[in-house]
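Residue-level listing of the chains:
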Amino acid sequence: MPTTISDLWIPDIWLQTMREKQATFPTLLNSGVVVDNPRASELASGPGEVATIPFFKDITDQDDEIQVENAEPTVDNKITSGQMKAVACNRVCKSSATAFAAQLSGEDPVGEIVAQMAQRRLKQRQKTLLAMVRGAFGSAGASGVAAPLKAVRVDAFDESGTDATAAQLMGIELFIHAKSLMGELADDLMDGALWLHPTILAALELADETSFDKASRGPWTIRTYRGIPIYTSEALVRAGTTNGFVYDTYLLAKGIIAKGEKPQKTDVVDVAALQMEKKFGLNNEIIYDRTRFVLHLNGTKWVGTPAAESPSNAELGTIANWNLVLGTANRVGAVCMRTNG
């Protein structure tokens, strides 16, 4: 029976299995919120670091006018365009053979290794996505802080969380008010997501237990609140500057986050490669998981300048690195709620 990673190393099998694990693992990245986008994949696979995503601005809210005989219309309702800008992220994760040794069960060692790596990558992507969303909303900062999506952010908290009032806690009225900020796009929440911390989920369960249900989402069953699929993350919280905690909760409509990824190669030198290195002098083996991907929130434009070859999560989470390019923030299809519990 194989006992070392080199005995198990069949790159084509590893890549195929990792893709399958990612496609079926129930996280926000596999929800209806995140969709594959050809332009994002082109950016991830190409040489550039920033890609322009053009779009036509909405003209459906323009008014008509009375026709006058032998006269041109007085208003020219021009259709104009805008540009979103997405940025590519280059990432690498190194793991030595000794780090894997404790995970090998002997029954299905390849499956166990792949399961660990696939779940780790999903968590890493979700951290990157959260940083990007927090940058656009300014939801890691103080109450009232300016940000591209401030208009669709509800700040019902203070920095002294242990002294929070009822109005600073998640409840039915706050939820309904925040949802209303999306306008008609709230209809797309049924195939979108309610992304929240387990503590906030518990608060909603106590306040509105009868509004929870379950719905089929592909190969698994997802719990829903008022028809909206629920995805939890313990990362959606920070300590208050005085005491207690501040939680950020998001309502996300379907299809508002574009993703793209450069296909990984095997055992070659590339920014997207799954590689194994043998170090005989140290008597160990190392796995390098190198990836290049794009995640982009609808209606936003990257305007930052990364310190390195691609932006870090901290840079993605910086408010000043993002601009809103849509007419109004409620056209993005996302809302943020910040509470003390």
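Preceding this section is the structure that the text describes.
All values reported here derive from a predicted model rather than from experimental measurement.

Visitor: Is there a simple way to explain the overall build of the protein in this structure?
Guide: Scanning the protein for helices and strands turns up eight helices and 17 strands. Looking at the protein as a whole, 45% of its 341 residues qualify as buried. Restricting to contacts in the protein with at least 6 residues of sequence separation, those with at least 24 account for 74%. When the accessible area of the protein is evaluated, it comes to approximately 17100 Å², of which 52% is carbon and sulfur surface.

Visitor: How do you make sense of helix α7 (residues 198-207) when you look at a structure like this?
Guide: Because each turn of an α-helix spans 3.6 residues, side chains separated by three or four positions in sequence point in the same direction. Turning to α7, its buried residues number three or more, namely Ile200, Leu201, Ala203 and Leu204. Buried positions in α7, seen along its axis, are confined to an arc of 160 degrees and lie on one side of it.

Visitor: Which parts of the structure should I look at to understand the pattern of salt bridges?
Guide: Pairing of side chains with opposite charge becomes possible as their charged atoms draw close. This model, assessed by the stated rule, comprises 12 salt bridges. Among the salt bridges present, the one from Asp248 reaches Arg134, with a minimum N-O distance of 2.8 Å. Note that Asp248 is positioned in strand β10 (residues 245-252) and Arg134 in helix α5 (residues 109-137), a separation of 114 residues in sequence. Here the two residues Asp248 and Arg134 agree in accessibility, since each one is buried. Between Asp155 and Arg153 there is a salt bridge whose closest N-O contact spans 3.0 Å. The exposure class of Arg153 is buried, given its relative accessible area of 7%. Salt bridges linked by common partners bring Arg153, Asp155 and Arg338 together as one network.

Visitor: I would appreciate a short explanation of unusual backbone geometry in the present structure.
Guide: For residues other than glycine, phi is negative in most cases, and the peptide bonds are mostly trans. The residue Asn70 is not glycine, and still its phi comes out positive at about 60 degrees. Residue placement: Asn70 occurs in the loop between β2 (50-56) and β3 (81-96). In this structure, Arg226 is a non-glycine residue whose phi angle is positive, near 55 degrees. Classification of Arg226 by relative accessible area gives partly exposed; the value is 30%.

Visitor: How should the nonpolar core be read in this particular structure?
Guide: Soluble globular proteins: nonpolar side chains tend toward being buried together. Ranked by internal contacts, the top residues of the largest apolar core, which has 72 residues, are Leu194, Tyr250 and Leu251. In terms of residues, this core owes the most to one element, α5, which gives eight residues. Setting aside residues up to four positions removed in sequence, Leu251 forms contacts with Phe175, Lys179, Met182, Leu189, Ala193, Leu194, Ile228, Gly333, Ala334, Val335 and Met337. Ranked by size, the runner-up nonpolar core spans five residues in total, among them Met117, Leu274, Met276 and Ile287.

Criteria and cut-off values
- Per chain, residues are indexed from 1 in the order of the written sequence.
- Where totals are concerned, whole chains, interfaces and linings use all residues; where local detail is concerned, this predicted model gives features only for residues with pLDDT of at least 70, and gives and counts side-chain atom pairs only at 80 or more.
- Side-chain numbers here rest on the full set of heavy atoms in the structure, without hydrogens or water.
- Each helix is a run of H or I in the DSSP string that is no shorter than four residues. Each strand is a run of E no shorter than two, and both are numbered from the N terminus.
- Residue burial is assigned from relative accessible area. The probe radius is 1.4 Å, only protein chains are included, and a residue is buried under 20% of its type maximum, exposed over 50%, and partly exposed in between.
- Residue contacts are defined here by distance: any two heavy atoms, one from each residue, within 4.5 Å place the two residues in contact.
- Here the open area of atoms and residues is found with the Shrake-Rupley method and a 1.4 Å probe, where only the protein chains shown may cover a residue.
- By construction, the arc corresponds to the directions joining the helix axis to the C-beta atoms.
- Here a salt bridge means any side-chain nitrogen of Lys or Arg lying within 4 Å of a carboxyl oxygen belonging to Asp or Glu.
- Take the buried Ala, Val, Leu, Ile, Met, Phe, Trp, Tyr and Cys residues and link them wherever side-chain atoms come within 4.5 Å; each set so joined is a nonpolar core.

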